[in-house]
Amino acid sequence: MKKITSFVLKVASRCNLNCSYCYMYNLGDNTYLSQPKFMSIETITIFAMKLNEYCIRNDVKYLQIVFHGGEPLLWSMDNYKKSVEIFTKTIKNVTFDFALQTNGVTLDDKWCQLFKNLNIRVGISMDGPKKHHDKYRVFHNGKGSYDKVMTAIERGKKYGFNSILSVVNLDISPEEFYDELKNLDVQNFNLLLPDGHYDNLPDGFHSDKVNTIDHTPYADWLIEVFKIWKTDTNRPMIRFFRTLIELIMGEQIGDQMLGTLTNGVAVLETNGALEVSDSIRACYEGITRNNLNIFNNSIEDLHDDPLFEIYFNSHSMLNEKCINCLLSNICGGGFLGNRYSNENGFDNPTIYCYDTIKLVSFIQNDILSSLPNDINNSLEIHSLDYAEMVHEINISTSSKIDKSIKNKLNSFKSNVKERNITC
Ligand code: SF4
């Protein structure tokens, strides 16, 4: 049974920064221009009513509400107070997890106190040392935002906000990156791989070398960071590594990037449109658009959206190589948006396929080499050879992809206009 338990609310469809890699504004999709700048309280009210009905019908007991944008701090303080009150009064018998992801540049004490009072967890985005952060995360006048973000991180710590999110930037050396991370002195850190796909390659990939055995720029970088992190006796939690380690050890966990769990995440746009995860927008203009709107539809209607079906099941609706891959329980074929190509739609391994194989092989072998033999013998994992694994996925055809799944994955290679979208 499909269940959506996490809702990303695009409370502002504009941003006070102009980050060069932003999937909202600078990667393939300009449909935000037709959106209202802010979500109204009327939209929140209707959404909360529909969400209450959805929770009752689908026996949802836990709800994550993520305030997002654009930049969510462009929304008013009053709107946050009203929204949390509307949600908690309208929807009974669920446990709420309120969260917010900000670029931090206007996060002052008033905001911090408000979020603490409303029990909203705050995550701040930053991208490494000043010269690197300021290259990408810039204001509309081109000025870097590093100093303001650092002030926000320091301020946030006083209120217990300890969560930082960074996009991997290969221009930063792993040592420099880790030094910066330690300087921040935060406990909870996560790394994101850059958006991108076969027809819009992430930085650092060479088009003639993608998924060739010696071209694994992200694995090479991450392995070096992993080595430093592992030897640090006072290491912060890096969720990306932790998730990989837990998956290697057989835990049933994961997210939209890794593992085999379903992705019960939906997005509510400022105008009430109900859509699939917005980072898939980096594939092409309008790919997430459908005809659904919270004013006219129930939340269950999203279950029938063909893109939502693929996104929700993205770790089980796999390309044939992934089906035959020994690491599919860990990798899950990767994040759906990283699987896109104009030629095959989502019927590809992730653009980070070889990087994933190399990184997982390294970490798995490292775990094994750290443990005594008697423990190793009792574990259900064994050492991996990166070259052999790559060879294996390229020759193994023992399992075939289901035809209807292949057709569904391929159906997204065409232009959005063919999906008959009217809003
Ligand atoms: S490592 Fe590559 S082949 Fe294996 S599941 Fe991931 S994307 Fe698919």
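All values derive from a computational prediction rather than experimental measurement.

## Focus: the pairing of strand β3 (residues 95-102)
Taking burial as the measure, the eight residues of β3 include seven buried ones, the bulk of the element. Pairing geometry for strand β2 (residues 62-68) and β3, over six bridges, is parallel. Residue pairing for β3: Ile65 is matched across the bridge by Phe98. At this point the chain moves from β2, through helix α2 (residues 77-90), to the parallel β3, and the crossover so formed is right-handed. Read as a crossover between parallel neighbours, the route from β3 over helix α3 (residues 109-117) to strand β4 (residues 120-125) is right-handed.

## Points about the pairing of strand β5 (residues 163-167)
Note that β4 and β5 share three bridges and pair parallel. Counted as the bridge partner of Ser125 is Leu165 from β5. Assessed by its sense of winding, the connection that carries the chain from β5 through helix α6 (residues 174-184) to strand β6 (residues 188-192) is right-handed.

## Considerations on the site of the ligand
What surrounds the ligand is the set Cys322, Cys325, Ser328, Cys331, Gly333, Pro349, Thr350, Cys353, Ile357 and Ile393. Those elements that place two or more of their residues in the shell around the ligand are α11 (328-331) and α12 (353-370). Residue composition of the shell around the ligand, grouped by class: seven nonpolar, three polar and no charged.

## Re the environment of Asn329
With respect to the helices, strands and loops of the structure, Asn329 is situated in helix α11. Relative accessible area serves as the criterion here: at 56%, Asn329 is assigned to the exposed category. In this structure, the C-alpha to C-alpha distance between Asn329 and Asn169, residues 160 residues apart in sequence, is 27 Å.

## Observations concerning the packing of helix α7 (residues 217-231) against α12
Two elements in contact, α7 and α12, have axes whose closest approach is 8 Å; the angle formed by their N-to-C orientations is 25 degrees. One element, α7, and the other, α12, form an angle in the roughly parallel class. Note that α7 runs across α12; the crossing there is right-handed. Contacts from Pro217, Tyr218, Ala219, Asp220, Leu222, Ile223, Phe226, Lys227 and Lys230 of α7 reach α12 at Asp355, Lys358, Leu359, Phe362, Ile363, Asp366 and Ser370. Here the contact of α7 with α12 is built from residues that sort into nine nonpolar, one polar and six charged.

## Topic: the sheet that holds β6
Strand order in this open sheet of nine strands is β7-β6-β5-β4-β3-β2-β1-β8-β9, and the pairing throughout is mixed. Unpaired on one side and paired on the other, β7 (237-238) and β9 (274-275) mark the two borders of the sheet. Here strand β1 (residues 6-10) runs beside β2; their pairing, made up of five bridges, is parallel. By the bridge assignment for β2, Leu9 is matched with Phe67.

## Description of the domain arrangement of the chain
For the chain, the assigned domains are domain 1 (6-311) and domain 2 (318-416). The straight-line distance from the C-alpha centre of domain 1 to that of domain 2 is 24 Å. At the junction of the two partners, domain 1 supplies 49 residues and domain 2 supplies 44 residues. For the pairing of domain 1 and domain 2, the buried interface totals around 3900 Å² over both sides, and the portion due to carbon and sulfur atoms is 70%.

## Let's talk about helix α5 (residues 146-158)
Relative to the 18 Å expected for 13 residues at 1.5 Å per residue, α5 spans 19 Å between its end C-alpha atoms, a close match to the ideal helical length. Where α5 is concerned, the buried positions are Tyr146, Val149, Met150, Ala152, Ile153 and Gly156. The arc that holds the buried residues of α5, viewed along the axis, is 160 degrees, so those residues lie on one side. The inward-facing, buried residues of α5 abut α3, β4, α4 (130-136), β5 and α6. Positioned one or two residues after α5, Gly160 has a phi angle of 85 degrees, which is positive.

## Remarks on the side chain of Thr288
Locating Thr288 in the fold gives a position in the loop between β9 and α9 (306-312). Accessibility expressed as a relative area gives 0% for Thr288, which makes it buried. Looking at Thr288, its side chain comes within polar contact range of the side chain of Glu275, at 2.8 Å. Setting aside its immediate chain neighbours within four residues, Thr288 contacts Glu275, Val276, Ser277, Ile280, Arg281 and Leu307.

## Details of unusual backbone geometry
Each neighbour pair has its own omega, and for Gly69 with Gly70 the value is 20 degrees, a cis peptide bond. Assignment of secondary structure puts Gly70 in the loop between β2 and α2. Positive phi is not limited to glycine here, since Asn119 has a value of about 60 degrees. Among the structural elements, Asn119 can be located in the loop between α3 and β4. Positive phi values are uncommon outside glycine, yet Asp185 reaches one of about 55 degrees.

## Here's the deal with the nonpolar core
Among the nonpolar cores identified, the biggest contains 121 residues, and Leu9, Leu51, Phe67, Tyr80, Phe87, Phe115 and Phe346 are the most heavily contacted of them. Residues lining this core come from more than one domain, with at least three contributed by each of domain 1 (6-311) and domain 2 (318-416). Look past the residues within four positions of Leu51 in its chain and what remains in contact with it is Phe7, Leu63, Ile65, Phe87, Ile91 and Ile299.

## Considerations on the packing of aromatic side chains
Throughout the structure, instances matching the rule amount to 26 aromatic pairs. Geometrically, the ring pair formed by Tyr80 and Phe115 is edge-to-face, given 5.3 Å between the ring centres and 85 degrees between the ring planes. With a gap of 35 residues between them, Tyr80 in helix α2 and Phe115 in helix α3 connect regions that are remote in the sequence. For the residue pair Tyr80 and Phe115, the accessibility class agrees, reading buried in each case. Pairing Phe346 with Phe412 gives two aromatic rings, centres 5.8 Å apart and planes at 45 degrees, and the pair type is tilted. Here Phe412 lies in the segment after α15 (403-410) and Phe346 lies in the loop between α11 and α12, a separation of 66 residues in the sequence. For the pair Phe346 and Phe412, one class covers both residues: buried. Stacked on the ring of Trp229, the Lys or Arg Arg235 has its end atom at 5.8 Å from the ring centre.

What counts and how
- Residues numbered from 1 in each chain as written.
- Predicted model: local features only at pLDDT ≥ 70, side-chain atom pairs only at ≥ 80, totals over all residues.
- Heavy atoms only, no water.
- Buried < 20%, exposed > 50% of the residue type's maximum accessible area, 1.4 Å probe, protein only.
- Helix = DSSP H or I, 4+ residues; strand = E, 2+ residues; numbered from the N terminus.
- Pairing = 2+ DSSP bridges.
- Right-handed = clockwise from strand over helix to strand, strands pointing away.
- Near = heavy atom within 4 Å.
- Nonpolar A, V, L, I, M, F, W, Y, C, P; charged D, E, K, R; others polar.
- Axes fitted to C-alpha atoms, helices over the stretch in contact; angles between N-to-C directions.
- Parallel < 35°, antiparallel > 145°, perpendicular 65-115°, else oblique.
- Left-handed = near helix turned anticlockwise from the far one by under 90°.
- Contact = heavy atoms within 4.5 Å.
- Domains from an automatic or database assignment.
- Buried area = accessible area lost by both parts, 1.4 Å probe.
- Expected span 1.5 Å × (residues − 1).
- Arc of directions from axis to C-beta.
- Polar contact = N/O pair within 3.5 Å; in protein donor to acceptor, adjacent residues only side chain to side chain.
- Core = buried A, V, L, I, M, F, W, Y, C linked by side-chain atoms within 4.5 Å.
- Phe/Tyr/Trp six-rings, centres within 6.5 Å; stacked < 30°, edge-to-face > 60°.
- Lys NZ or Arg CZ within 6 Å of the ring centre and 35° of its normal.

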